[in-house]
Amino acid sequence: MSAPLVSVRDLAVHFARPHFSPLKPRETVRAVDGVSFDVAKGTTLGIVGESGSGKTTVARGLLRLVPVTSGRIVLGGTDITALGGEEMRQMRRHMQYIFQDPYSSLNPRVRAGTIVRSPLDVLGIGTPAEREARVAELFAAVGLRPESQHLFPHQFSGGQRQRINIARALAPAPDLLVCDEPVSALDVAIRAQILNLLQQLKRRLGITYLFISHDMAVVKHVADEVAVMYLGQIVERAPRTAFFARPLHPYSVALMSAVPTVRGGRERAARRIRLTGDPPSPIDPPPGCRFAARCPVAEPACRQTMPELREMASGQWVRCHRVEVVGGTIRRPLD
Amino acid sequence: MDGAPTTLLDISGLSVEFSGGGRTARVLNDVALTVAANETLGIVGESGCGKSMTALAILRLVPSPPGRITGGRIVFGGEDLLQAPEQRLRDVRGHRIGMIFQEPMTSLNPVLTIGDQLSETLIKHLKLDARAARARSIELLKAVGIPAPERRVDEYPHQLSGGMRQRVMIAMAIGCEPQLLIADEPTTALDVTVQAQIFELLRELRARSGMGLILITHDMGVIAEMTDRVAVMYGGRVVEEAPTADILSAPAHPYTRGLIACVPDLDAEEDSGADLLEIAGMVPSVWDLPKGCPFADRCAEAMPRCVAEMPPTSVLSAGHRVACWLQEGTGP
Ligand SMILES: Nc1ncnc2c1ncn2[C@@H]1O[C@H](COP(=O)(O)OP(=O)(O)OP(=O)(O)O)[C@@H](O)[C@H]1O
Ligand SMILES: Nc1ncnc2c1ncn2[C@@H]1O[C@H](COP(=O)(O)OP(=O)(O)OP(=O)(O)O)[C@@H](O)[C@H]1O
Ligand code: SF4
Ligand code: SF4
Ligand SMILES: [Mg+2]
Ligand SMILES: [Mg+2]
């Protein structure tokens with residue numbers, strides 16, 4: 001594998017909660033709590049996990065859109081963790097993002113062409129004529145009609161609005177595109193169009209993606225590598241094929257088994273691993289394994305010490321005390 | 001299913017229009033559906049196809065004006081709800097037909113406790129006194145898997161997680177042991193592990209009480225897992241209806257085939273990352289429905305006839321009907 005384009009080490013993003021009572025200590029939301037990963041150039045790292053597990057905060061931390069509590073972020077060999085002002089601004093052209101909601105992420109009073117051109121204006125890229133040519137090229141690249149540059153966001157459908165978002169993100173020719181639930185708000189048919197577009201851009205332009213989704217099937221379709229988050233931590237990280245053939249962490253197994261599928265139907269539901277309760281809160285989480293309260297195979301020891309993220313086979317990392325290698329094969333607690 | 005199922009709900013010719021600015025939107029067109037006791041009917045289709053409107057029409061809750069039910073019959077328990085006096089409908093709603101609305105936050109009152117909201121229906125329909133209603137509310141919260149129900153009963157909606165709110169909605173909908181439960185996208189906003197819990201609960205309830213269930217969703221996986229029969233809606237019409245197994249193994253309408261093929265498959269041995277099948281374009285506007293097949297402008301198999309004339313409904317096999325010119329005269 002070539003040198004990673006993105007390298008994140010021990011990233012932590014904590015938020016202080018407002019004081020409710022002067023008698024109680026201030027609470028901390030450990031939204032992201034020690035996350036490490038690399039993304040090789042031209043590949044896609046998919047991040048899955050339930051609501052509140054910290055996926056968006058990882059993205060915002062990586063892009064330096066929220067204050068990073070600790071850790072290190074390296075993009076293309078440059079440590080950007082502490083980069084300030086103008087230097088960080090210049091780095092932004094290399095890392096762009098698409099957020100979940102294609103409706104609220106576009107200014108309703110600005111024409112589509114101007115929206116797509118805005119990063120070029122802000123970052124001072126190209127001459128006015130070059131910017132115009134670039135916008136035309138981008139509209140074609142994402143499958144929008146050239147004349148639609150003059151329309152306002154409300155004159156587009158949801159799928160077309162997401163295309164505008166994608167075109168805007170591509171404008172400064174970034175190396176990294178962070179996509180946070182880019183298709184979740186779209187109808188199934190439109191979803192396929194946008195997923196196909198993102199895949200084509202990867203093949204054509206060699207873009208590197210951090211792709212966040214709560215949809216396992218979507219991640220299986222787009223990702224080269226998968227990371228599963230639970231309460232601010234990565235509990236499993238593995239190449240796509242290995243992960244989907246045999247997830248190792250009890251949470252990954254449960255999460256995958258919870259997805260209803262066309263072929264699986266009722267049998268799948270009957271074989272499902274049932275998790276009780278909702279994911280607990282990331283406010284002052286208990287010591288030990290964060291999944292212990294819902295884990296069907298938890299042992300008393302799990303509640304005492306936090307499992308480390310361990311490499312069980314080449315590239316397959318898992319944070320669980322009970323996954324072990326016996327006689328050269330990986331044994332899962334849920335087998 | 002064994003034996004002849006008793007039909008609970010029999011909808012035929014249901015049409016709903018909205019008007020505004022001198023124009024008319026044909027939101028539902030000649031919809032026909034049936035649900036038997038102990039049966040789950042799935043309704044699937046893209047946004048705006050009329051799924052929620054069908055549910056609202058069953059309870060005569062179509063906002064009117066600007067909406068209007070312009071025709072059809074909705075026979076429930078031998079009675080046409082469209083002809084029944086409003087007084088009668090009030091007894092049906094929330095009592096004999098339970099409904100879980102699409103947006104849980106908008107259907108729970110933020111200033112009333114969970115217990116007050118649950119009790120209200122119980123007092124109204126089952127004529128329980130306040131104490132009995134409270135006890136029953138706690139029982140219901142327990143039945144839907146809410147931990148510490150004695151405490152939760154006095155909490156307000158904002159104090160609950162999304163999953164718990166949805167369970168409260170279910171508790172409200174089943175409080176009076178309805179014969180029919182309509183669940184409009186009951187898990188769309190929830191995590192899959194919580195969705196699995198909600199589905200488990202709905203399956204249990206159905207098995208225990210023999211109620212009929214209408215489950216509205218846009219997820220074919222949910223259809224496969226939860227339903228006995230499925231109606232695919234498009235442009236305010238039911239374009240295909242069949243036993244779930246038949247529709248998944250042999251979808252006859254090009255739109256149904258598209259809906260199944262356009263999503264990535266988690267069960268595939270290996271996902272090659274090859275392009276997904278796309279359904280080009282988007283759903284037609286209800287203000288401007290074509291006179292022929294509503295799917296014609298997106299259909300790869302469309303013929304000149306499709307644009308000119310509405311396709312007739314063909315019966316392919318027992319309980320499998322489809323409205324598509326390709327299938328005309330192919331029935332048994
Ligand atoms: N600015 C903030 N202040 C305080 N807490 C926050 C802030 N941003 C996020 N959080 C909390 O951090 C946790 C992780 O949130 P995050 O949005 O990253 O989750 P997510 O995995 O993206 O969830 P979803 O799937 O719902 O988008 C949540 O508990 C959230 O409430
Ligand atoms: N008050 C209204 N005035 C005019 N049209 C309306 C009104 N309410 C709904 N509609 C239209 O009725 C059609 C059917 O809406 P409905 O809510 O039944 O869709 P749906 O299939 O439930 O979609 P979704 O998956 O988004 O929930 C839509 O095209 C919608 O725009
Ligand atoms: S460490 Fe223990 S509680 Fe945590 S996932 Fe593994 S078995 Fe379950
Ligand atoms: S009637 Fe024609 S346009 Fe409509 S679905 Fe069938 S083939 Fe396609
Ligand atoms: Mg998020
Ligand atoms: Mg709806």
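Residues numbered from 1 in each chain as written. Chains lettered and ligands numbered in written order. Predicted model: local features only at pLDDT ≥ 70, side-chain atom pairs only at ≥ 80, totals over all residues. Heavy atoms only, no water.

Visitor: Sorry if this is basic, but what is going on with the overall build of chain B here?
Guide: A count of helices and strands for chain B gives twelve helices and twelve strands. Relative to the compact-globule value of 20 Å for 332 residues, chain B shows a C-alpha radius of gyration of 21 Å, a close match. Principal axes of the C-alpha set define a box for chain B whose edges measure 65 × 55 × 45 Å. A total of 332 residues make up chain B; the buried ones form 54% of that total. Residue pairs in contact within chain B that sit at least 24 positions apart in sequence constitute 61% of those at least 6 positions apart. Here chain B displays about 14,000 Å² of accessible surface, and carbon together with sulfur accounts for 53% of that area. Positive and negative side-chain charges of chain B, numbering 30 and 42 respectively, have mean locations separated by a distance of 9 Å. (Helix = DSSP H or I, 4+ residues; strand = E, 2+ residues; numbered from the N terminus. Rg over C-alpha atoms; globule rule 2.2 N^0.38 Å. Buried < 20%, exposed > 50% of the residue type's maximum accessible area, 1.4 Å probe, protein only. Contact = heavy atoms within 4.5 Å. Areas by Shrake-Rupley, 256 points an atom, 1.4 Å probe, with all protein chains shown as cover. Lys, Arg positive; Asp, Glu negative; His and termini not counted. Charge placed at Lys NZ, Arg CZ, Asp CG, Glu CD.)

Visitor: Explanation requested: the overall build of chain A in the structure shown.
Guide: Check the secondary structure of chain A and you find eleven helices and 14 strands. The C-alpha atoms of chain A give 21 Å as radius of gyration, which agrees with the globular expectation for 335 residues (20 Å, within 12%). In terms of overall dimensions, chain A has C-alpha extents of about 65 × 55 × 45 Å along its principal axes. Split into buried and exposed, the 335 residues of chain A put 53% on the buried side. Within chain A, counting contacts between residues at least 6 apart in sequence, those at least 24 apart form 63% of the total. For chain A, the computed accessible surface area is about 14,400 Å², with 53% contributed by carbon and sulfur atoms.

Visitor: In this structure, what is going on with the interface of chain B and chain A? I would like to understand it.
Guide: Many authors give the size of an interface as the accessible area that is lost as the parts come together. Taken residue by residue, the interface counts 47 residues in chain B and 43 residues in chain A. Between chain B and chain A the total buried area reaches about 3,800 Å² when both faces are included, carbon and sulfur atoms providing 52% of it. In this structure, the connection of chain B to chain A is made through six salt bridges. The shortest N-O distance in the salt bridge between Arg274(A) and Glu200(B) comes to 2.9 Å. (Buried area = accessible area lost by both parts, 1.4 Å probe. Salt bridge = Lys/Arg side-chain N within 4 Å of Asp/Glu carboxyl O.)

Visitor: Can you help me understand the site of ligand 1 in this one?
Guide: Residue and element names in this part refer to chain A. As a structural note, the neighbourhood of ligand 1 is formed by Phe15, Val29, Ala31, Glu50, Ser51, Gly52, Ser53, Gly54, Lys55, Thr56, Thr57 and Pro282. In this structure, Ser53 approaches ligand 1 through a main-chain N or O atom, which is 3.2 Å from an oxygen atom. Residue Thr56 places a side-chain N or O atom 2.7 Å away from an oxygen atom belonging to ligand 1. If ligand 1 stood free it would expose 640 Å²; the protein chains cover 62% of that surface. (Near = heavy atom within 4 Å. Polar contact = N/O pair within 3.5 Å; in protein donor to acceptor, adjacent residues only side chain to side chain.)

Visitor: Looking at this structure, I do not really get the pairing of strand S9 (residues 225-230) of chain A. What am I missing?
Guide: Along any regular strand, the residues point their side chains to alternate faces of the sheet. Residue and element names in this part refer to chain A. Most of S9 is tucked away: six of the six residues are buried. Both faces of S9 are covered, namely the face carrying Glu225, Ala227 and Met229 and the face carrying Val226, Val228 and Tyr230. As paired elements, S9 and strand S10 (residues 233-239) share six bridges and run antiparallel to each other. Bridge pairing in S10 links Glu225 to Pro239. Hairpin connection, S9 to S10: the antiparallel pair is bridged by two residues, and Leu231 has positive phi, about 45°. (Pairing = 2+ DSSP bridges.)

Visitor: Explanation requested: the site of ligand 2 in the structure shown.
Guide: All names here are of chain B. Ligand 2 sits among 14 residues. The nearest are Ser47, Gly48, Lys51, Ser52 and Met53. In the model, an oxygen atom of ligand 2 is placed 2.8 Å from a nitrogen or oxygen of the Gly48 main chain. Ser52 places a polar side-chain atom, nitrogen or oxygen, 2.8 Å from an oxygen atom of ligand 2. In isolation ligand 2 has 650 Å² of accessible area, and contact with the protein removes 68% of it. Counting residues per element, the shell around ligand 2 draws most heavily on helix H1 (residues 51-58), which supplies three residues. Classifying every residue of the shell around ligand 2 gives six nonpolar, five polar and three charged. (Nonpolar A, V, L, I, M, F, W, Y, C, P; charged D, E, K, R; others polar.)

Visitor: Where do I start with the pattern of salt bridges in this structure?
Guide: Within this structure, the stated rule accounts for 39 salt bridges over all chains. One salt bridge connects Glu225(B) with Arg272(A), and the closest N-O pair in it is separated by 2.8 Å. Note that Glu225(B) is positioned in helix H9 (residues 220-226) and Arg272(A) in the loop between helix H10 (265-271) and helix H11 (300-304), a pairing that runs across two chains. Neither residue differs from the other here; Glu225(B) and Arg272(A) are each classed as buried. Note that Glu328(B) and Arg305(B) form a salt bridge whose closest N and O atoms lie 3.5 Å from each other.

Visitor: Explain the nonpolar core to me, please; I cannot follow it from the model alone.
Guide: Nonpolar side chains in soluble globular proteins tend to be buried together. Judged by nonpolar contacts, the single largest core of 97 residues is most densely connected at Ile166(A), Leu9(B), Leu28(B), Ile97(B), Leu180(B), Ile214(B) and Tyr255(B). By residue number, the principal contributor to this core is helix H6 (residues 188-205) of chain A, which donates nine residues. Core analysis: the next-biggest nonpolar cluster, separate from the first, contains 35 residues, Ile100(B), Ile114(B), Val168(B) and Met226(B) among them. (Core = buried A, V, L, I, M, F, W, Y, C linked by side-chain atoms within 4.5 Å.)

Visitor: Which parts of the structure should I look at to understand the pairing of strand S12 (residues 320-323) of chain B?
Guide: Looking at chain direction, strand S10 (residues 237-243) of chain B and S12(B) are connected through two bridges and run antiparallel. Opposite Glu240(B), over in S12(B), you have Val322(B) as the bridge partner.

Visitor: Would you explain helix H11 (residues 254-261) of chain B in this entry?
Guide: At 3.6 residues per turn, the α-helix brings residues three or four places apart onto the same side. Summarising burial for H11(B): six of the eight residues are buried, a large majority. The set of residues buried in H11(B) consists of Pro254(B), Tyr255(B), Thr256(B), Gly258(B), Leu259(B) and Ile260(B). Elements that come into contact with the buried residues of H11(B) comprise H6 of chain A together with strand S3 (40-44), H9, strand S9 (229-234), S10 and helix H10 (244-249) of chain B.

Visitor: Any chance you could explain the environment of Gly273(B) here in plain terms?
Guide: Residue placement: Gly273(B) occurs in the loop between H11 and helix H12 (304-308). Using a relative accessible area of 9% as the deciding quantity, one classes Gly273(B) as buried. If sequence neighbours within four positions are ignored, Gly273(B) has contacts with Gln199(A), Arg203(A) and His221(A).

Visitor: Just checking my understanding: could you explain the environment of Met233(B) for this structure?
Guide: All names here are of chain B. Relative to the elements of secondary structure, Met233 occurs in strand S9. C-alpha separation for the pair Met233 and Leu28, spaced 205 residues apart in sequence, amounts to 9.7 Å. Setting aside its immediate chain neighbours within four residues, Met233 contacts Leu28, Val31, Ile43, Val44, Gly45, Cys49, Gly50, Lys51, Thr54, Val238 and Tyr255.

Visitor: What exactly am I supposed to notice about the packing of helix H5 (residues 158-170) of chain A against H6(A) here?
Guide: For any two helices packed against each other, one specifies the crossing angle of their axes together with the interaxial distance. Residue and element names in this part refer to chain A. Following both chains from N to C, one finds H5 and H6 inclined at 20°, their axes separated by 10 Å at the closest point. Accordingly, the angle class assigned to the pair H5 and H6 is roughly parallel. Handedness of the crossing formed by H5 with H6: right-handed. Two secondary-structure elements touch here, H5 through Gly159, Gln162, Arg163, Ile166 and Leu170 and H6 through Ile190, Gln193, Ile194, Leu197, Leu198, Leu201 and Leu205. Partitioning the contact of H5 with H6 into residue classes produces eight nonpolar, three polar and one charged. (Axes fitted to C-alpha atoms, helices over the stretch in contact; angles between N-to-C directions. Parallel < 35°, antiparallel > 145°, perpendicular 65-115°, else oblique. Left-handed = near helix turned anticlockwise from the far one by under 90°.)

Nothing here speaks to function; it is all geometry.
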